Amino acid sequence: MISLRLFLSEVTAALRTLLGDPNARMTMIAGILIYSVLYPQPFVGEVVRDVPIVAIDQDNSAASRSFLRRIDASDQVEIVSAMPNMDAARDAFFRREAYGIVIIPAGFEKDILAQVPAPIAAFGDGSYLLVYSNIMEAVTTVARAVGAEVNFERLTATGMDDVQARASLSPVSVTNIKVFNPQGGYASYVVPASFVLILQQTLMMGIGLLHAGRRMPTGLRMWATPVAYIGLYVVWVAFTQLLLPLFYGIPRTGDFSTLLLVALPFICACTAMGFAIALLIPWREGVVFFLVVMGLPLFFLSGIAWPIESIPQHLHILSLLVPSSSAISAFVAVNQMGASPQDIAGTVQLQIILAIGYTALAVAIYQLSSPPRQQAGK
Amino acid sequence: MTARASLFGFRHILGRELRQIAARPALAFMLAPMPLIIFIALAAVFAPGLPRDLPVAVVDLDGSTLSRQVVRMVDGASDVAVARQVPSLAQARQALVAHEVYAILMIPPQMERNLQLGQSPEIVIFSNNQFLAAGGTAARSMLTTALTFSAGVSLRLLESNGVGPDRAAELITPIPVQQSPLFNPSLDYIQFLLSAIIPTVMQIFICAAAVLSFSRERHSAGGIARLMHLSKTPAQAILGKLLPYTVLGTLVLLLGDVLLFIFFGADFRGNVAVFFLNGLLFILACQMLGACVAMIARDTTGALGMMAVIVAPAFGFAGVSFPRFGMSDFAQAWGSIIPLTPYLQLRTDQTLRGAPLEYSLPAMLWLFALLVAFTALLWAMIYRASRRAPQTVGVNT
């Protein structure tokens, strides 16, 4: 009982040291708050609506005008102007005033009336994949709908009854149901994942700032210090995974106790790895530099922006040495997709192994490097 | 002051900076080998160019010849591969949540029979939109396959209703859409993503190198006074201190571009001189930004932390993934003061888009304006710091 109280007082002392160090305070407290405000800003619009495109209507008929009106009416794109020719359209394109071009060739209406295929062309900006797929989805959806209407009239005109005509034109109906993040929000996609990485990086950075190149805590304090950091970061997990989604309107379905099942070993692993790094790079600026630079590459190894299946296997296995590489998907699975403990069991085990492994590594480095230091102290 | 004296101060500072780098092997490692290692690792990640064979699950509740044909067609598409075939939607959903598959295709019971009866059966695709990119790709691929299957059935039905085969084929797609990306014809991720990530990583390295270099003066006692004593003018101090990193940064960025444009054969449809000048302006602007941060911050680690706030989220603000025109005014304004944003715009213009030069001028002028603004700010801060701390120390290095 006394030892527990003693331990808790050591934990509070470690937290006070953290708060007393302006750089650690800036990184482990103010930094996370600043990122919480700044980082999601580019994505708060969630979806790209009304991508500006231009139209070249070479047919200029009732059919072509009605076709373009329907494209304009779609949510995804907006026809900002009509262009006389491809050169003018290209100009708008290079000026980034438009990101797509729809061309209706001359003879569009005539072809429809003559009951032959009436092709159209759509160009999209291939340097922005999100924008490109928006444009193509809008144009093909309208083309399919108008085409179905035209065909339906043609078949019923030949005396086929309504039901038969519909069945022979689209015998199978196809529906795409988007589960989790149904509106396809971009903030909902990157923000929850990124904050897992931000927690890892700031935690390891803070440990570097407090301990790199300095004497390691000893005795009871040696155990109380990591416990203090882990406690602080459990609060940050709750803040970033519960409050931030609420604030930014990001869907969240998970159960917090299941989240803790992966979050706690993850934070332990990050803490242990943070101490290992602080011992390996006894240069505080170096630790910060290293961790800032590694942020973006680690994000691309986490399977959010680029599927894990497409990452070369050796690199993927190597990346698993960093807690975030496997933890990010597990956090998202629990918090955004409502995964159960069984679904994330593999990741939880891996995080526990990493926590033990990095603790052993940190202790080993400390043991190897401490004898000369003790001699110097004598 | 004569021109020779001016050159002398610059050379003195340059030599001193080079000696400081040489004396710090960890710093030297972070300046050149480390960014290159990161480039190679990132290149390995994106080497396939396009995600292929994304795992999907199939729930075939029909089990007929036709439904098996659909499954084969789905598996045959290059974007997805049928990784799981499960008897119930519940099991498929489990695989979706466990991140084993990105999407599910469900074929309804009695599909073949209902087709023969002319009752339109419904094929449902469930896609995991939380993994927006992969889930979207998998769903689009399966949607296309299902529609192709439906068109095939339609063709047979029309023929059996007495419509001639040629006529039936024409009826299937009354308004075909010829879809073409204006650039990046294969929608390759190397061209649009890797090509943007390399400069983003470089921006961090270049800013950090400048932060460390100026923090050595700013955050040591009498550092600025000593610097001014050696360099005579702020301009020489700035040039002498930053030049080694300008050269290194240019070289590393160039190696990254060699990897991209020569090894991966990414499109380059621009003017090499403009592209190079753009890179140089970018590096200089990043250096000035980093040096300014070092002058403002309280100490070296504080400066690195402040820099991280600016450069770490820069990729999102530059609008590579989520376009800038969809952002709020604040996000657009914040993005425009970060050198990466105009640099990437011009980079895309001069590589992928092959835009004529006049379209790139505004972005280049903006990047130049940023460089001038940061340089002026840095000059003023060094000038003021040297006034505030007059030659109290007659130290020589």
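Because the structure is a prediction, the values reported are computed rather than measured.

How each quantity is defined
- Residues numbered from 1 in each chain as written.
- Chains lettered and ligands numbered in written order.
- Predicted model: local features only at pLDDT ≥ 70, side-chain atom pairs only at ≥ 80, totals over all residues.
- Heavy atoms only, no water.
- Helix = DSSP H or I, 4+ residues; strand = E, 2+ residues; numbered from the N terminus.
- Rg over C-alpha atoms; globule rule 2.2 N^0.38 Å.
- Buried < 20%, exposed > 50% of the residue type's maximum accessible area, 1.4 Å probe, protein only.
- Contact = heavy atoms within 4.5 Å.
- Areas by Shrake-Rupley, 256 points an atom, 1.4 Å probe, with all protein chains shown as cover.
- Lys, Arg positive; Asp, Glu negative; His and termini not counted.
- Charge placed at Lys NZ, Arg CZ, Asp CG, Glu CD.
- Axes fitted to C-alpha atoms, helices over the stretch in contact; angles between N-to-C directions.
- Parallel < 35°, antiparallel > 145°, perpendicular 65-115°, else oblique.
- Left-handed = near helix turned anticlockwise from the far one by under 90°.
- Nonpolar A, V, L, I, M, F, W, Y, C, P; charged D, E, K, R; others polar.
- Phe/Tyr/Trp six-rings, centres within 6.5 Å; stacked < 30°, edge-to-face > 60°.
- Lys NZ or Arg CZ within 6 Å of the ring centre and 35° of its normal.
- Domains from an automatic or database assignment.
- Core = buried A, V, L, I, M, F, W, Y, C linked by side-chain atoms within 4.5 Å.
- Pairing = 2+ DSSP bridges.
- Buried area = accessible area lost by both parts, 1.4 Å probe.
- Salt bridge = Lys/Arg side-chain N within 4 Å of Asp/Glu carboxyl O.
- Polar contact = N/O pair within 3.5 Å; in protein donor to acceptor, adjacent residues only side chain to side chain.
- Expected span 1.5 Å × (residues − 1).
- Arc of directions from axis to C-beta.
- Patch = residues over 30% accessible without salt bridge, like charges linked within 9 Å, V, L, I, M, F, W, Y side chains within 5 Å.

Describing the overall build of chain A
Okay, step 1: Counting its secondary structure elements, chain A contains 14 helices and 5 strands.
Okay, step 2: Against the globule reference of 21 Å for 378 residues, chain A gives a C-alpha radius of gyration of 29 Å, more extended than a compact globule.
Okay, step 3: C-alpha extents for chain A along the principal axes are approximately 100 × 45 × 40 Å.
Okay, step 4: By the burial criterion, 56% of the 378 residues in chain A qualify as buried.
Okay, step 5: The long-range share in chain A, meaning contacts at least 24 apart out of those at least 6 apart in sequence, stands at 78%.
Okay, step 6: As displayed, chain A offers around 15,700 Å² of accessible surface, 64% of which is attributable to carbon and sulfur atoms.
Okay, step 7: A gap of 17 Å separates the mean positions of the 22 positive and 24 negative side-chain charges of chain A.

Details of the overall build of chain B
Okay, step 1: Helix and strand counts for chain B stand at 17 helices and 5 strands.
Okay, step 2: Burial status across chain B gives 56% buried among its 397 residues.
Okay, step 3: Long-range pairs, those at least 24 residues apart, make up 78% of the contacts in chain B between residues at least 6 apart in sequence.
Okay, step 4: A total of about 15,800 Å² of accessible surface is found on chain B, and carbon and sulfur atoms cover 64% of it.
Okay, step 5: Treating the 27 positive side-chain charges of chain B as one cloud and the 20 negative ones as another, the clouds have centres 22 Å apart.

Notes on the packing of helix H6 (residues 129–157) of chain A against helix H7 (residues 162–169) of chain A
Residue and element names in this part refer to chain A.
Okay, step 1: Their axes nearest at 9 Å, the elements H6 and H7 cross at an angle of 135 degrees. Overall, the two elements H6 and H7 adopt an arrangement that is oblique. Classified by chirality, the crossing of H7 by H6 is right-handed. Residues Ala148, Asn151, Phe152, Leu155 and Thr156 of H6 lie in contact with H7, whose contacting residues are Asp162, Ala165, Arg166, Ser168 and Leu169.
Okay, step 2: Of the residues that constitute the contact of H6 with H7, the class distribution is 5 nonpolar, 3 polar and 2 charged.

Overview of the packing of aromatic side chains
Okay, step 1: Tallied over the full model, the rule gives 30 aromatic pairs over all chains.
Okay, step 2: An angle of 45 degrees between the planes, with centres 5.4 Å apart, marks the rings of Tyr186 of chain A and Phe322 of chain B as tilted. Placement of the pair is Tyr186 of chain A in helix H8 (residues 186–211) and Phe322 of chain B in the loop between helix H14 (314–317) and helix H15 (329–336), with the two residues belonging to separate chains. The pair formed by Tyr186 of chain A and Phe322 of chain B is uniform in burial state, with each residue classed as buried.
Okay, step 3: Between Phe261 of chain B and Phe268 of chain B, the aromatic rings sit 5.4 Å apart at their centres with planes inclined by 85 degrees, giving edge-to-face as the arrangement.
Okay, step 4: Put simply, the rings of Phe299, Phe300 and Trp306 of chain A together with Phe46, Tyr189, Phe192 and Phe315 of chain B touch in pairs and so form one group of aromatic residues.
Okay, step 5: We note Lys241 of chain B situated over the ring of Phe214 of chain B; from NZ or CZ to the ring centre the distance is 5.7 Å.

Description of the domain arrangement of chain B
Okay, step 1: For chain B, the domain assignment lists domain 1 (3–46 + 189–388) and domain 2 (54–172).
Okay, step 2: Once you take the C-alpha centre of each, domain 1 of chain B and domain 2 of chain B turn out to be 50 Å apart.

Quick word on the nonpolar core
The nonpolar side chains of a soluble globular protein tend to be buried with one another.
Okay, step 1: One finds Phe67 and Ile71 of chain A together with Phe46 and Met307 of chain B to be the most contacted residues of the largest nonpolar core, which totals 245 residues.
Okay, step 2: A per-element tally of this core places helix H9 (residues 189–218) of chain B first, with 20 residues.
Okay, step 3: Once you skip the residues sitting within four places of it in the chain, Phe46 of chain B turns out to touch Phe300 and Trp306 of chain A together with Tyr189, Ile190, Leu193, Leu194 and Ile197 of chain B.
Okay, step 4: Counting residues in each nonpolar core, the second largest holds 17 residues, with Ile56, Phe93 and Ala121 of chain A together with Tyr359 of chain B among its members.

A closer look at the sheet that holds strand E1 (residues 54–60) of chain B
Okay, step 1: Spatially, E5(A)-E4(B)-E3(B)-E1(B)-E2(B) is the arrangement adopted by the 5 strands of the open sheet, whose pairing is mixed. The open sheet terminates on both sides in strands that have one partner only, identified here as strand E5 (173–179) of chain A together with strand E2 (80–85) of chain B. The average undirected angle you get between the axes of adjacent strands in this sheet is 25 degrees.
Okay, step 2: Note that E1 of chain B and strand E3 (residues 103–107) of chain B share 5 bridges and pair parallel. In the sheet register, Val59 of chain B faces E3 of chain B, and the bridge partner there is Met106 of chain B.

Notes on the interface of chain A and chain B
Okay, step 1: Contacts between the two partners involve 112 residues from chain A and, on the opposite side, 116 residues from chain B.
Okay, step 2: Interface area for chain A against chain B, summed over the two sides, is near 9,900 Å², with a carbon-plus-sulfur share of 70%.
Okay, step 3: Counting the surface chain A buries against chain B, the share from its top three residues, Phe94, Phe289 and Trp306 of chain A, is 8%.
Okay, step 4: At the surface where chain A touches chain B, the tally comes to 2 salt bridges.
Okay, step 5: Its salt-bridge partner being Arg353 of chain B, residue Asp125 of chain A comes within 2.3 Å of it at the nearest N-O pair.
Okay, step 6: For the pair chain A and chain B, the number of links is 34 residue pairs in polar contact (both at pLDDT 80 or more).
Okay, step 7: Ranked by the residues each element gives to the side of chain A that touches chain B, the list is headed by H6 of chain A, at 15 residues.
Okay, step 8: Grouping the amino acids of the side of chain A that touches chain B by side-chain chemistry returns 72 nonpolar, 27 polar and 13 charged.

Quick word on the pattern of salt bridges
Okay, step 1: Taken as a whole and judged by the stated rule, the model has 13 salt bridges over all chains.
Okay, step 2: The partner of Asp91 of chain A in a salt bridge is Arg95 of chain A, with the nearest N and O atoms 3.2 Å apart.
Okay, step 3: With relative accessibility at 47%, the residue Arg95 of chain A sits in the partly exposed group.
Okay, step 4: A cluster of three or more residues bridged by salt bridges with shared partners is formed by Arg16, Glu17, Arg216, Glu217 and Lys241 of chain B.

Focus: the environment of Phe289 of chain A
Okay, step 1: Within the element layout of this structure, Phe289 of chain A appears in helix H11 (residues 284–300).
Okay, step 2: Setting aside chain neighbours within four positions, we find Phe289 of chain A in contact with Met30, Phe205, Ala208, Ala209, Leu212 and Leu304 of chain B.

Considerations on the packing of helix H12 (residues 272–296) of chain B against helix H16 (residues 340–353) of chain B
All names here are of chain B.
Okay, step 1: At a closest axis distance of 10 Å, the pairing of H12 and H16 adopts a crossing angle of 170 degrees. Taken together, the axes of H12 and H16 lie roughly antiparallel to each other. Listed contacts from H16 to Val274, Phe275, Asn278, Gly279 and Phe282 of H12 are Leu340, Tyr343, Leu346, Arg347, Gln350 and Thr351.

Points about H12 of chain B
All names here are of chain B.
Okay, step 1: Between the first and last C-alpha of H12 there are 36 Å, a value that for 25 residues agrees with the 36 Å anticipated at 1.5 Å per step.
Okay, step 2: The buried fraction of H12 is high, at 18 of 25 residues.
Okay, step 3: Measuring from the side-chain oxygen of the N-cap residue of H12 to the backbone nitrogen of Ala273 gives 2.9 Å; that N-cap residue is Asn271.

Concerning the domain arrangement of chain A
Okay, step 1: Here the domain parsing of chain A yields domain 1 (2–43 + 185–377) and domain 2 (51–169).
Okay, step 2: Distance between the C-alpha centres of domain 1 of chain A and domain 2 of chain A: 50 Å.

Side note on H15 of chain B
All names here are of chain B.
Okay, step 1: Within H15 the residues assigned to the buried category are Ala331, Gly335 and Ser336. For H15, the angular spread of buried residues about the axis comes to 130 degrees, placing them on one side.
Okay, step 2: Those residues of H15 that are buried are in contact with H14, H16 and helix H17 (357–388).

Remarks on a nonpolar patch on the surface
Residues and elements named next belong to chain B.
Okay, step 1: A grouping of Leu254, Val258, Ile262 and Phe276 is seen on the molecular surface, where their side chains present a nonpolar patch of about 370 Å² in accessible area.
Okay, step 2: The element contributing the most residues to the nonpolar patch is helix H11 (residues 234–263), with 3 residues.
Okay, step 3: Within the secondary structure layout, Leu254 lies in helix H11.
Okay, step 4: Note on Leu254: relative accessible area 39%, which makes it partly exposed.

Quick notes on unusual backbone geometry
Okay, step 1: Positive phi, close to 60 degrees, is recorded for Gln115 of chain A, a residue that is not glycine.
Okay, step 2: Among the structural elements, Gln115 of chain A can be located in the loop between helix H5 (108–113) and strand E4 (120–124).
Okay, step 3: Taking the relative accessible area as the measure of exposure, Gln115 of chain A reaches 30% and is therefore partly exposed.
Okay, step 4: At Asp53 of chain B, a position not held by glycine, the phi torsion is positive, near 50 degrees.

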